[in-house]
Amino acid sequence: KLILKDSLGAIKDSLTLGLKNMQTNNSKGRNPDGSVNWCLFWGPSPNDTNDITQCFGNYVAKPSFNLPAGFYTGAQTLSITVPAGTAVFYTRNGDVPDWNDPMYTGPISIGSTQVIRARAFSLAGTDLPSHPITNSYFINENITLPVISLCTDSVNLWDWNTGIYVSGPNADTNLPYQNSNFWMPWKKQAHTEFFAKNKLLGFEQDCATEIHGNFSRAWPQKSFRIMANDDYQDPTINYQLFPEKNITKFKSFN
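Residues numbered from 1 in each chain as written. Predicted model: local features only at pLDDT ≥ 70, side-chain atom pairs only at ≥ 80, totals over all residues. Heavy atoms only, no water.

Peer 1: How should the overall build of the protein be read in this particular structure?
Peer 2: Of the regular secondary structure elements, the protein holds one helix and 17 strands. With the principal axes as the frame, the protein shows a C-alpha extent of 60 × 50 × 40 Å. Of all 254 residues assigned to the protein, the portion counted as buried reaches 42%. Excluding contacts between residues fewer than 6 apart, the proportion of contacts in the protein whose partners are at least 24 apart in sequence is 49%. Carbon together with sulfur atoms contributes 52% to the accessible area of the protein, which is approximately 14500 Å² in total. With 20 positive and 21 negative side-chain charges, the protein shows a spacing of 8 Å between the two charge centroids. (Helix = DSSP H or I, 4+ residues; strand = E, 2+ residues; numbered from the N terminus. Buried < 20%, exposed > 50% of the residue type's maximum accessible area, 1.4 Å probe, protein only. Contact = heavy atoms within 4.5 Å. Areas by Shrake-Rupley, 256 points an atom, 1.4 Å probe, with all protein chains shown as cover. Lys, Arg positive; Asp, Glu negative; His and termini not counted. Charge placed at Lys NZ, Arg CZ, Asp CG, Glu CD.)

What follows is the structure in structure tokens.
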């Protein structure tokens, strides 16, 4: 609960946030300023008026996939259930879908291993887009170890200025390339799916990810740290990652 008090301690305003379903970087506020009407906004506007900010009532419902994430033999056909009053856009490259991506109009053919993400947008423009849904599909893959599918928007990894897997504009020219982007303590939002050796999905959730390590950050193949984060979904990963250890909750793993 958020409570605003004056200098004498008197409560001037309060709000039970209910932030569990709020998406990253969206905000909530009164519109017009000082009114009883609450709105969702695309982004925060500190020290500025809400009067000229578009007011959204809620989030639209999430779409759904008819095909569970996992391992398949041969090409598959994926259908998406489109919530009423929405249009669904999807991607095949890990990016969070927006209006510039392909709109779902019929079944999608999946002929090779890839990640499909989908998101519903309000046709009336009165509500904010749904939370993205994400599924990894492995086609004709033979595995003997558990598989972790880490999906994040491409700019989080590869953008020259903000991507955590690239050198970036401030990198030193000598090993270990200090001041590179991959040396920065930057966390990015991602989606993690864990498949056990039997190919069954163990858990999936939104998370934070960052580059892990010291000198090893300079090598072409870098390690990731996966962190549970209640800003994105849950404060813990509720899964027994190591069958031989009786530990069923994790804050992070590498």
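Peer 1: Can you help me understand the sheet that holds strand E11 (residues 114-122) in this one?
Peer 2: Adjacent strands of a sheet pair through backbone hydrogen bonds, lying either parallel or antiparallel. Sheet architecture is open: four strands sit in the order E6-E12-E11-E9, paired in mixed fashion. Strands at the two margins of the open sheet, each flanked by one partner only, are strand E6 (70-72) and strand E9 (86-91). When the angles between neighbouring strand axes are averaged without regard to direction, this sheet yields 30°. Where E9 lies against E11, six bridges are found, and the strand directions are antiparallel. Along E11, the bridge assignment pairs Val 88 with Ala 120. (Pairing = 2+ DSSP bridges. Axes fitted to C-alpha atoms, helices over the stretch in contact; angles between N-to-C directions.)

Peer 1: Explanation requested: the layout of surface pockets in the structure shown.
Peer 2: In this approach a probe as big as a water molecule rolls over the atoms, and the regions it shows empty are the leftover space. Taken as a whole, the largest pocket encloses approximately 1200 Å³ of empty space. Elements with a minimum of two residues in the lining of the largest pocket: strand E5 (64-65), E11, strand E12 (133-139), strand E14 (188-195) and strand E15 (201-212). It is E14 that contributes the most residues to the lining of the largest pocket, four residues altogether. Within the lining of the largest pocket, the residues separate by chemical class into 16 nonpolar, 19 polar and twelve charged. (1 Å grid on protein atoms, 1.4 Å probe; cavity = no way out; pocket = protein on both sides within 12 Å on 5 of 7 lines; lining within 4 Å. Points joined across faces, edges and corners; volume = space filled by probe spheres on them. Nonpolar A, V, L, I, M, F, W, Y, C, P; charged D, E, K, R; others polar.)

Peer 1: Explain a nonpolar patch on the surface here, please?
Peer 2: Taken together, Leu 175, Phe 215 and Trp 219 make up a surface patch of nonpolar side chains, about 310 Å² in accessible area. Along the chain, Leu 175 falls in the loop between helix H1 (154-158) and E14. A relative accessible area of 46% means that Leu 175 is categorised as partly exposed. (Patch = residues over 30% accessible without salt bridge, like charges linked within 9 Å, V, L, I, M, F, W, Y side chains within 5 Å. Salt bridge = Lys/Arg side-chain N within 4 Å of Asp/Glu carboxyl O.)

Peer 1: Would you mind going over the packing of aromatic side chains with me for this structure?
Peer 2: One pair of aromatic rings is described through two measures. These are the centre distance and the angle between the planes. A full pass over the atoms with the stated rule returns 15 aromatic pairs. With 4.9 Å between their ring centres and 50° between their planes, Trp 99 and Phe 121 make a pair best called tilted. Residue Trp 99 is found in the loop between E9 and strand E10 (108-110), and its partner Phe 121 is found in strand E11; the two are separated by 22 residues along the sequence. On the basis of relative accessibility, which here comes to 52%, the residue Trp 99 falls in the exposed class. Given the relative accessible area of 4%, Phe 121 is considered buried. Both rings, one in Phe 242 and one in Phe 250, keep their centres 6.0 Å apart while their planes meet at 65°; by these two values the pair is edge-to-face. For Phe 250, a relative accessible area of 12% puts it in the buried group. Ring pairing ties together the aromatic residues Trp 42, Phe 56, Phe 89, Trp 99 and Phe 121, which thus form one cluster. Sitting over the ring of Tyr 165, Lys 222 keeps its end group 5.6 Å from the ring centre. (Phe/Tyr/Trp six-rings, centres within 6.5 Å; stacked < 30°, edge-to-face > 60°. Lys NZ or Arg CZ within 6 Å of the ring centre and 35° of its normal.)

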